[in-house]
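Observations on chain architecture
Chain residues, written in single-letter form:
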Amino acid sequence: QVQLVESGGGLVQAGDSLRLSCAASGRSFGWYGMGWFRQAPGKEREFVAAISWRGSTTADSVKGRFTISRDNAKDTVYLQMASLKVEDTAVYYCVATSGSEIRTKWRWDGMDYWGKGTLVTVSS
């Protein structure tokens, strides 16, 4: 059974840093594209970052503050978040896709696997 399990969420203050992790299991994800979406209260879910063997990319809203990385030996993807803002408050979801393209916009419903999410709350 394939699972994506996020961890690392919590309550932080504006300006703080936080690292999210997503552990994948049930198959090898070395060739899969993996990434993060988020959904803030009352807002639509949005793409945050993606990584594959082709490289990585982040949304404009987090560019320069968030970094995505992965450890294929552990089938784990990370999201390092720095200079957090109140507007970064959201549930962060890990996703995986059998595709490796990161230049085209990822769609939530285009993914193959989804985690259940971890809540990040940034206070002012």
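In the block above lies the structure referred to throughout.
Residues numbered from 1 in each chain as written. Predicted model: local features only at pLDDT ≥ 70, side-chain atom pairs only at ≥ 80, totals over all residues. Heavy atoms only, no water.

Here's the deal with the pairing of strand 4 (residues 33–39)
In terms of burial, strand 4 is largely enclosed, as 6 of its 7 residues are buried. Judged from the 7 bridges that link them, strand 4 and strand 9 (residues 90–97) form a sheet pairing that is antiparallel. Across the sheet, residue Gly33 finds its bridge partner in strand 9, namely Thr97. (Buried < 20%, exposed > 50% of the residue type's maximum accessible area, 1.4 Å probe, protein only. Helix = DSSP H or I, 4+ residues; strand = E, 2+ residues; numbered from the N terminus. Pairing = 2+ DSSP bridges.)

Regarding the state of the cysteines
Overall, the coordinates contain 1 disulfide when judged by the stated rule. Here Cys22 is linked by a disulfide to Cys94, with a sulfur-sulfur distance of 2.1 Å. Handedness here is read from the sign of the S-S torsion; for Cys22 and Cys94, about -80°, the answer is left-handed. One end of the pair, Cys22, is in strand 3 (residues 18–25); the other, Cys94, is in strand 9, with 72 residues separating them in the sequence. Cys94 carries the same exposure label as Cys22, and that label is buried. (Disulfide = S-S within 2.5 Å.)

Structural notes on the nonpolar core
If you look at the biggest cluster of nonpolar residues, it comprises 35 residues, and the most contacted ones within it are Met34, Trp36, Leu79, Met81 and Tyr92. Elements with a minimum of two residues in this core: strand 3, strand 4, strand 5 (46–52), strand 7 (66–71), strand 8 (76–81), strand 9 and strand 11 (118–123). (Core = buried A, V, L, I, M, F, W, Y, C linked by side-chain atoms within 4.5 Å.)

Quick word on the packing of aromatic side chains
By the definition in use, this model includes 8 aromatic pairs. Seen from their ring centres, Tyr32 and Tyr113 are 6.1 Å apart, and the 35° between their planes marks the pair as tilted. Highlighted residues: Tyr32 in the loop between strand 3 and strand 4 and Tyr113 in strand 10 (residues 113–114), separated in sequence by 81 residues. By relative accessible area, Tyr32 is classed as buried at 10%. An aromatic cluster of at least three residues, connected via ring pairs, comprises Phe37, Phe47, Tyr93, Trp106, Trp108 and Trp114. Arg45 extends its terminal NZ or CZ atom over the ring of Tyr93, reaching a point 5.4 Å from the ring centre. When the ring centre of Trp108 is taken as origin, the NZ or CZ atom of Arg45, which lies over that ring, is 3.9 Å away. (Phe/Tyr/Trp six-rings, centres within 6.5 Å; stacked < 30°, edge-to-face > 60°. Lys NZ or Arg CZ within 6 Å of the ring centre and 35° of its normal.)

Some details on the sheet that holds strand 1 (residues 3–7)
Hydrogen bonds between backbone atoms are what pair the strands of a sheet, whose relative direction is either parallel or antiparallel. Here 4 strands make up an open sheet; going across it, the order is 1-3-8-7 and the pairing antiparallel. Strand pairing shows two members of the sheet lacking a second neighbour, strand 1 and strand 7, which therefore form its edges. Taken pair by pair, the neighbouring strands of this sheet meet at an average axis angle of 15°, ignoring direction. (Axes fitted to C-alpha atoms, helices over the stretch in contact; angles between N-to-C directions.)

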